[in-house]
Amino acid sequence: MGAYEAFYLAILKPACYVFISDDNFHKIFHKTILFNNPTPYDFARIYVMNSNKKLKERGDKVFVGTYARYPAAMVKGSGCRLFDADGREYLDFMAGIAVCALGHAHPKITEAICRQAGELVHVSNLYYTLPQIELAEMIIAHSFGEKLFLCNSGAEANEAAIKLARIYSSAGRYKIISLSGSFHGRTLATVAATGQAKFHKGFEPLPEGFLHAPFGDLSALEQMIDSSTCAILCEPLQGEGGVRPLAKDYLHGIEALCKKHDLLLIFDEIQTGMGRTGSLFAYEQLGVQPDIMTMAKALGNGLPIGALLTSEKIAAAFVPGTHASTFGGNPVACAAAVATLKIMLADGFLADVKRKGDYFRAELQALAQQFPAILSSARGMGLLVGAVLTEQGVAHGTEIVNKMFDRGFLMNFAGNVALRFVPPLIVTTEEIDQLVAALAEVLAEV
């Protein structure tokens, strides 16, 4: 054994990434460092320059401070597991906030991305591409829609929905009513559509034409409708608002108001879509069909892609020049989305999501009975799950999330109301049990 290998085994190995085997370590660094007559300092630099602490320091120097980041730099993922730069393992019940629905580094998604990247990465939307067409055909075949517009994110999809609702409606009709507690994006228009004042602060004056109806109050909603209203926008279940489902009768009432007043019904399924609720789209379980629907997040299992879905009649209001996206429908992102959909549409996949969601909520409900001073109930659809906190529990929401992070579990506190869990849809009941057991320990401490 050479001096440098001995130095690695004696000093560096305990601190290096636990997921890198000795063989792989030597294969990787033989080409990058050993070949160039390294010193022991070179070996030390491999770890020191890529620790959580060092990466945090580097990142804080260069990034705008729009995120309250945890002191962990994630460097690898596999299934429902994430690994940080110090080699620590986490069980991920956030999935990039409902994005990596098939888990991290899914082999079929990875293969589709690599294959497409080797053929065509980008071309203008002035031309057709096969991945775009395949994706649109699949979504339309498994939904109410007839026409699709592709973009890069949920906010962009909602922007497209807002523009489409306005241009489709008759002159003078431009107002859109959304619900209190809603979240529709971070662009200026989607912030205005969001029914949470905390997201408006500092960005006033907001674009006009957006109103927010009290949640659950159909009478108040109808009173807000006038001759200038063109649409009602809502999420079938409010994710950022605290995992708050909209009751079926409430949604049916909203649909009835749209028909009565000749309004468009827009469903924001950015978070609820793509299998998250146990059906490909949440509207399928609710008996309400929107006129326009948006999706993103899990559509590309981590690659940036969003979409707007509507009927042929409504889509006809968009003609060349009215709306566009430079990167929308990127071939690589579309290839990932096609692969994602194929997996989700396989026999039994969505039924299994529903089964695991029912199991998860039942386990959390049992915790609520065990810790009634902190948890009041469990709610949600499929694997979009919330543990609602009591008034006393809300004061400990952030503390609970941080303690779970310290134990290696990723989750968040949504809407200052509920603990939110959106694990990859491939999560196992055993992994759910691990989280529930850790959460019980944390609740016993607060």
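Since the model is a prediction, treat every value here as computed from it, not as a measurement.

A. Structural view of the pattern of salt bridges. In the structure shown here, the tally under the stated rule is 17 salt bridges. A salt bridge links Asp60 to Lys56; its shortest N-O distance comes to 2.8 Å. Placement of both Asp60 and Lys56 in helix 4 (residues 52–62) is noted, with a separation of four residues, approximately one turn of the helix. Among the ionic pairs, Asp358 bridges to Lys354, the shortest N-O distance being 3.3 Å. Here the residue Asp358 and the residue Lys354 both occupy positions in helix 15 (residues 349–370), the gap between them amounting to four residues, near one helical turn. Three or more residues are tied together by salt bridges with common partners; here these are Lys403, Arg407, Glu441 and Glu445.

B. Here's a closer look at the layout of surface pockets. Taken as a whole, the second largest pocket holds about 1100 Å³ of empty space. Lining the second largest pocket we find 32 residues, and of these Asn125, Gln132, Leu148, Phe149 and Leu150 sit closest to its centre. If you list the elements that add at least two residues to the lining of the second largest pocket, you get helix 7 (130–141), strand 4 (147–151), strand 12 (306–310) and helix 13 (312–315). Ranked by residue count, the leading element in the lining of the second largest pocket is helix 7, at five residues. Taken together, the residues of the lining of the second largest pocket break down into 17 nonpolar, 11 polar and four charged.

C. Spotlight on the sheet that holds strand 13 (residues 375–381). Ordered in space as 13-14-17-16, the four strands form an open sheet in which the pairing is antiparallel. Edge positions in the sheet fall to strand 13 and strand 16 (412–414), since each of these pairs with one other strand and no more. Each strand axis lies, on average, 30° off the axis of its neighbour in the sheet, ignoring direction. Of the strand pairs in this sheet, strand 13 and strand 14 (residues 384–389) are connected by six bridges, and their pairing is antiparallel. Within the sheet, the bridge partner assigned to Gly380 lies in strand 14 and is Val385. The sheet strands contacting helix 17 (residues 397–406) are strand 14, strand 16 and strand 17 (418–421), and the helix crosses strand 16 at an angle near 155°.

Procedures and definitions
For every chain, the first residue of the written sequence is number 1, and numbering continues from 1 along that sequence. Two thresholds apply to this predicted model, a pLDDT of at least 70 for residue-level local features and 80 or more for giving and counting side-chain atom pairs, whereas whole-chain, interface and lining totals are computed over all residues. Note: side-chain values were computed over all heavy atoms of the structure, leaving out hydrogens and water. Salt bridges are defined as contacts in which a side-chain nitrogen from Lys or Arg sits within 4 Å of a carboxyl oxygen from Asp or Glu. Per the convention used, a helix needs a DSSP run of H or I reaching at least four residues, while a strand needs a run of E reaching at least two, with both numbered from the N terminus. Only protein atoms enter the calculation, which uses a 1 Å grid: trapped sets of points that fit a 1.4 Å probe without letting it out are cavities, open sets showing protein on both sides within 12 Å along at least five of seven lines are pockets, and any residue with an atom within 4 Å of a point is a lining residue. Grid points are joined across faces, edges and corners, and a volume is the space filled by probe spheres set on the points. Throughout this entry, Asp, Glu, Lys and Arg are counted as charged residues, while Ala, Val, Leu, Ile, Met, Phe, Trp, Tyr, Cys and Pro are counted as nonpolar. The remaining residues, Gly among them, count as polar. By definition, two strands form a pair when at least two bridges between them are found by DSSP. Note on method: axes are straight lines fitted to C-alpha atoms, helices fitted across the in-contact stretch only, with angles between N-to-C directions ranging 0 to 180 degrees. Residue contacts are counted whenever heavy atoms from the two residues lie within 4.5 Å of one another.

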